[in-house]
Amino acid sequence: MMTFNPAFDLYHSIFRMANIACRLEEGEFFEVERVRIWDYYLIFPDKVHKIKIKRDEKDMRALCSKLSKHNNPYERSGNNRIQFEQIRSVQISALKCLVSCGILSKEDYEKGRVAVGDRTALDDFIATVGRLPAREHNSLSYLLLFSRNMPLTGIDGLKDRTRLLDSKYDAD
């Protein structure tokens, strides 16, 4: 029996990536890998509870505990890294689509970054397709608060804490 899985749906991925881009401030950019990680947790919001939180980050732990835990019986369980790699091509295609429409900056994307190219076009697109549902919106808000200014690489960087990408050989 096959069920719909938004992880492999290009249109749903475009929707999620556009909603992530809405959270970028004027002139702000993020690494493609960081945006992909955030997107992964929009697809699988229950897995946000598995992100490593340091002992001195009690406020983050408290916020994370307030996020709803809802076991979806249709959600694929298994190795998070494998799942993350399996959706890579869909995520990259979604970003390229938003770049080709001018919503995301082509120049930044070519440098491995995600930045808004045309805020009006992005706002119009979101007005047409809609915003994230409350649960995913809350997960994204938490992720942004938790890791917006966190380094992507190195010990205690986002890659290390999520364990979705290998960080062992990253230059600090």
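Per chain, the residues get numbers from 1 upward, laid out in the order the sequence is written. The predicted origin of the model limits local features to residues at a pLDDT of at least 70 and limits the giving and counting of side-chain atom pairs to 80 or more, whereas totals for whole chains, interfaces and linings rest on all residues. Note that water and hydrogens are dropped before the side-chain values are worked out from all heavy atoms of the structure.

Engineer: Hey, could you run me through the overall build of the chain in this one?
Structural biologist: Secondary structure counts use DSSP, requiring at least four H or I residues in a row for a helix and at least two E residues in a row for a strand, with both numbered from the N terminus. Tallying secondary structure elements over the chain gives nine helices and two strands in all. Exposure classes here rest on a 1.4 Å probe applied to the protein chains alone. A residue is buried below 20% of its type maximum, exposed above 50%, and partly exposed in between. Counting every position in the chain, which comprises 172 residues, the buried fraction comes to 46%. Considering only contacts within the chain whose residues lie at least 6 apart along the sequence, 68% involve residues at least 24 apart. If you sum the accessible surface of the chain, you get close to 9700 Å²; carbon and sulfur atoms cover 51% of it. Whether two residues are in contact is decided by their heavy atoms, any of which lying within 4.5 Å being enough. Accessible surface area values rest on a Shrake-Rupley calculation with a 1.4 Å probe, where residue burial reflects the displayed protein chains alone.

Engineer: Could you clarify how one ought to interpret the packing of helix H1 (residues 10-22) against helix H2 (residues 32-43) in this entry?
Structural biologist: To characterise two packed helices, one gives the angle between the axes of the helices and the distance between these axes. Every axis corresponds to a line fitted to the C-alpha atoms, with the helix fit spanning only the stretch in contact, and the corresponding angles, defined between N-to-C directions, vary from 0 to 180 degrees. Their axes nearest at 10 Å, the elements H1 and H2 cross at an angle of 120°. Viewed along their axes, H1 and H2 adopt a mutual orientation that is oblique. Handedness of the H1/H2 crossing: right-handed. Residues Ser13, Arg16, Met17 and Ile20 of H1 lie in contact with H2, whose contacting residues are Val35, Trp38, Asp39, Leu42 and Ile43. Here the residues of the contact of H1 with H2 sort into six nonpolar, one polar and two charged. Angular relationships are summarised with four words: roughly parallel below 35 degrees, roughly antiparallel beyond 145, roughly perpendicular across 65 to 115, and oblique for the angles in between. Working rule for handedness: look at the near helix, and if it is turned counterclockwise from the far one by less than a right angle, call the crossing left-handed; if clockwise, right-handed. Side-chain classes are defined by residue name, with Ala, Val, Leu, Ile, Met, Phe, Trp, Tyr, Cys and Pro counting as nonpolar, Asp, Glu, Lys and Arg as charged, and the others, Gly among them, as polar.

Engineer: I keep staring at the nonpolar core and nothing clicks. Help me out?
Structural biologist: Of all hydrophobic cores here, the largest spans 49 residues; its most connected members are Ile37, Trp38, Tyr41 and Tyr142. Looking at this core, the elements that each hand over two or more residues are H1, H2, helix H3 (58-66), helix H5 (88-100), helix H7 (119-129) and helix H8 (134-147). No other element matches the eight residues that H2 contributes to this core. The contacts of Tyr142, once residues within four sequence positions are left out, are Val48, Ile53, Met60, Leu63, Cys64 and Leu67. Here the nonpolar core consists of buried residues drawn from Ala, Val, Leu, Ile, Met, Phe, Trp, Tyr and Cys, with membership extended through side-chain atoms lying within 4.5 Å.

Engineer: Would you mind showing me how to read unusual backbone geometry here?
Structural biologist: Most peptide bonds take the trans configuration, and most residues that are not glycine carry a negative phi. You will see that Asp156, though not glycine, has its phi angle at about 65°, which is positive. Structurally, Asp156 is set in the loop between H8 and helix H9 (158-162). Here Asp156 falls in the partly exposed class, since its relative accessible area comes to 24%. Located in the positive-phi region is Arg163, a residue other than glycine, with phi close to 60°. Relative to the helices and strands, Arg163 is located in the segment after H9. Given the relative accessible area of 43%, Arg163 is considered partly exposed.

Engineer: Sorry, what's going on with the packing of aromatic side chains here?
Structural biologist: Classification of ring pairs uses Phe, Tyr and Trp, with its six-membered ring standing for Trp, and accepts pairs whose centres are within 6.5 Å; under 30 degrees between planes counts as stacked, over 60 as edge-to-face, and the remaining range as tilted. Considering all chains together, one arrives at five aromatic pairs under this definition. Ring centres of Tyr40 and Phe84 lie 5.7 Å apart, and the angle between their planes is 85°; this geometry places the pair in the edge-to-face category. With Tyr40 in helix H2 and Phe84 in helix H4 (residues 80-86), the pair connects residues that are 44 residues apart, well separated along the chain. A relative accessible area of 0% means that Tyr40 is categorised as buried. With relative accessibility at 0%, the residue Phe84 sits in the buried group. An aromatic cluster of three or more residues is present, and its members are Tyr40, Tyr41, Phe44 and Phe84. Stacked on the ring of Phe44, the Lys or Arg Lys47 has its end atom at 5.2 Å from the ring centre. Over the aromatic face of Phe29 sits the side chain of Arg113, whose NZ or CZ is 3.9 Å from the ring centroid. Charge over a ring is defined by NZ of Lys or CZ of Arg lying within 6 Å of the ring centre and within 35 degrees of the ring normal.

Engineer: I'm lost on H2 in this one. Help?
Structural biologist: Along an α-helix, residues three or four positions apart point the same way, because every turn accommodates 3.6 residues. Its twelve residues place the ends of H2 17 Å apart at the C-alpha level, agreeing with the 16 Å of an ideal helix rising 1.5 Å per residue. Among the twelve residues that make up H2, eleven are buried, leaving the element largely enclosed by the rest of the structure. When we look at burial in H2, the residues that qualify are Val32, Arg34, Val35, Arg36, Ile37, Trp38, Asp39, Tyr40, Tyr41, Leu42 and Ile43. Expected helix span is given by 1.5 Å per residue-to-residue step, counting one fewer step than there are residues.

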